[in-house]
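The chain contents come next:
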Amino acid sequence: MTVEITSAEELRELLGTPNEQAANKERARLHELDRQWLAASPFCLVATAGADGSCDVSPKGDPAGFALVLDDTTIALPERPGNRRADGYRNILENPHVGLLFMIPGRADTLRINGRARLVRDAPWFAEMTVKGHRPVLAVLVEVEQIFYHCPKAFLRSALWKPETWQPDVLPSRARLVKELEAPEKDLAELDRHYGPDYLKKLYA
């Protein structure tokens, strides 16, 4: 039988109360250590939700420091060429609340930022986000409301950064996944070429 939790009180009774450090670690402004973390982070997960509550989490990656710090309460994330679905961007237009999780390879702790986002198509600081000649056509401007560091337990439990646990070939290749699930009409050899070494040359094209 499935037993569902239906109230915050029941949840708190089950999990217990957070200690004082965990309960009070949220801040609303960037500290110098946060700026250093953002300068070292090449990867971020961006969580959004539409007006109807439907959710999306999108990975964003670039050279370390791609999140541009504008001031103590504002950061910006550049757009890079992708699949043009724009799921998260469309959500932001309906609901500005976003959650960001910044990672540094090899570090088990993470930096979390929650805030309100806007889509900006141009600003004086766009030139600072140019990579390999690609000036973004838009950026996500985030007004920080909450910022704190997340403990390392999830990464330690998963052993995510330990190379001896990595199994990149445990599933079919990207080309085979696309052939099976997204474009069965495409030739597999063509897909292999598309996702081969030349794929890296198109990251900013």
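Since the model is a prediction, treat every value here as computed from it, not as a measurement. Along each chain, the written sequence defines residue order, and numbers are assigned to residues from 1. A pLDDT threshold of at least 70 governs which residues receive local features in this predicted model, and a stricter bar of 80 or more applies before side-chain atom pairs are shown or counted, although totals over entire chains, interfaces and linings include all residues. The basis for every side-chain value is the complete set of non-hydrogen atoms in the structure, without hydrogens or water.

Caption draft 1: View of the UniProt feature "domain: Pyridoxamine 5'-phosphate oxidase N-terminal" (unreviewed entry) in the protein. As annotated in UniProt, the feature "domain: Pyridoxamine 5'-phosphate oxidase N-terminal" (unreviewed entry) corresponds to residues 35–151 in the numbering used here. Secondary structure elements follow DSSP: runs of H or I of four or more residues count as helices, runs of E of two or more count as strands, with numbering from the N terminus. The span residues 35–151 carries 12% helix and 45% strand; its end-to-end C-alpha distance comes to 18 Å. UniProt positions are given in the numbering used here, feature names are shortened, and annotations may be inferred rather than shown by experiment.

Caption draft 2: Examining the sheet that holds strand 4 (residues 74–78) more closely. Here seven strands make up an open sheet; going across it, the order is 2-1-5-6-7-4-3 and the pairing antiparallel. Lying at the two open borders of the sheet, with one neighbouring strand each, are strand 2 (55–61) and strand 3 (68–71). Strand-to-strand twist in this sheet, taken as the mean axis angle between neighbours without regard to direction, amounts to 30 degrees. Paired strands, as defined in this entry, are two strands with at least two bridges between them according to DSSP. Bridge count for strand 3 against strand 4 is three bridges, and the pairing is antiparallel. Each residue of the ladder has a partner; that of Leu68, found in strand 4, is Ala76. Residue contacts follow a heavy-atom distance rule, with two residues in contact if any of their heavy atoms lie within 4.5 Å. Axes, fitted as lines to C-alpha atoms, cover a helix only where it is in contact. Angles between the N-to-C directions of the axes lie from 0 to 180 degrees. Helix 3 (residues 32–40) contacts strand 3, strand 4, strand 5 (97–103), strand 6 (110–120) and strand 7 (139–150) of the sheet and is inclined by roughly 80 degrees relative to strand 6.

Caption draft 3: Molecular detail of the packing of aromatic side chains. By convention, a stacked pair of Phe, Tyr or Trp rings (six-membered ring in the case of Trp) has centres within 6.5 Å and planes under 30 degrees apart, an edge-to-face pair has planes over 60 apart, and any other such pair is tilted. Evaluated as defined, the whole model comprises five aromatic pairs. Plain terms: the ring middles of Trp125 and Phe126 are 5.2 Å apart, the flat faces sit at 45 degrees to each other, and that makes the pair tilted. Note on Phe126: relative accessible area 0%, which makes it buried. Ring plane angle 45 degrees and centroid distance 5.2 Å describe the contact between Tyr195 and Tyr199, whose orientation is recorded as tilted. Only protein chains enter the accessibility calculation, which uses a 1.4 Å probe; a residue is then buried when its area is under 20% of its type maximum, exposed when over 50%, and partly exposed in between. Overall, the relative accessible area of 25% leaves Tyr195 in the partly exposed class.

Caption draft 4: Main features of the layout of surface pockets. Taken as a whole, the largest pocket holds about 1,200 Å³ of empty space. Looking at the largest pocket, it is lined by 33 residues, and the ones nearest its centre are Arg80, Pro81, Gly82, Asn83 and Arg84. Broken down by secondary-structure element, the contributors of at least two residues to the lining of the largest pocket are strand 1 (43–49), strand 2, strand 4 and helix 4 (87–94). The leading source of residues in the lining of the largest pocket is strand 2, at six residues. For the lining of the largest pocket, the per-class residue count stands at 16 nonpolar, seven polar and 10 charged. A pocket, in this scheme, is an open set of points on a 1 Å grid over the protein atoms alone with protein on both sides within 12 Å along at least 5 of 7 lines, while a cavity is a set where a 1.4 Å probe fits but cannot get out; residues line either one if an atom lies within 4 Å of a point. Grid points are joined across faces, edges and corners, and a volume is the space filled by probe spheres set on the points. Considering only enclosed or pocket space, the second largest pocket measures out at about 320 Å³ in volume. Taken together, Asn19, Gln21, Ala22, Lys25, Arg112, Phe148, Tyr149, His150, Cys151 and Lys153 form the lining of the second largest pocket. Taken together, the elements giving at least two residues each to the lining of the second largest pocket come down to helix 2 (20–23) and strand 7. Here the lining of the second largest pocket takes three residues from strand 7, the largest share from any one element. Class assignment of the residues belonging to the lining of the second largest pocket gives a composition of four nonpolar, three polar and three charged. Under the grouping applied here, Gly and all other residues not named as nonpolar or charged are polar, the nonpolar ones being Ala, Val, Leu, Ile, Met, Phe, Trp, Tyr, Cys and Pro and the charged ones Asp, Glu, Lys and Arg.

Caption draft 5: Up close: the pattern of salt bridges. Salt bridges are defined as contacts in which a side-chain nitrogen from Lys or Arg sits within 4 Å of a carboxyl oxygen from Asp or Glu. Using the criterion set out here, one finds 11 salt bridges in the structure. Between Arg35 and Asp72 there is a salt bridge, with its nearest N and O atoms 2.7 Å apart. Here the residue Arg35 occupies a position in helix 3, and Asp72 occupies one in the loop between strand 3 and strand 4, the gap between them amounting to 37 residues. What makes Asp72 partly exposed here is its relative accessible area of 29%. Between Arg80 and Asp62 there is a salt bridge, with the nearest N and O atoms lying 2.4 Å from each other. In this pair, Arg80 is assigned in the loop between strand 4 and helix 4 and Asp62 in the loop between strand 2 and strand 3, connecting sequence segments 18 residues apart. Taken individually, Arg80 and Asp62 each receive the classification buried, so the pair is uniform in this respect. Put simply, Arg29, Arg35 and Asp72 are held in one network by salt bridges that share partners.

Caption draft 6: Quick look at the side chain of Asp62. Judged by relative accessible area, which is 9%, Asp62 ranks as buried. Think of a polar contact as two N or O atoms within 3.5 Å of one another; within protein, one of them needs to be a possible hydrogen donor and the other a possible acceptor, and neighboring residues in sequence only count if both atoms come from side chains. Separated by 2.3 Å, the side chains of Asp62 and Tyr204 make a polar contact. Once residues lying within four places of it in the same chain are set aside, the contact partners of Asp62 are Pro42, Pro78, Arg80, Val131 and Tyr204.

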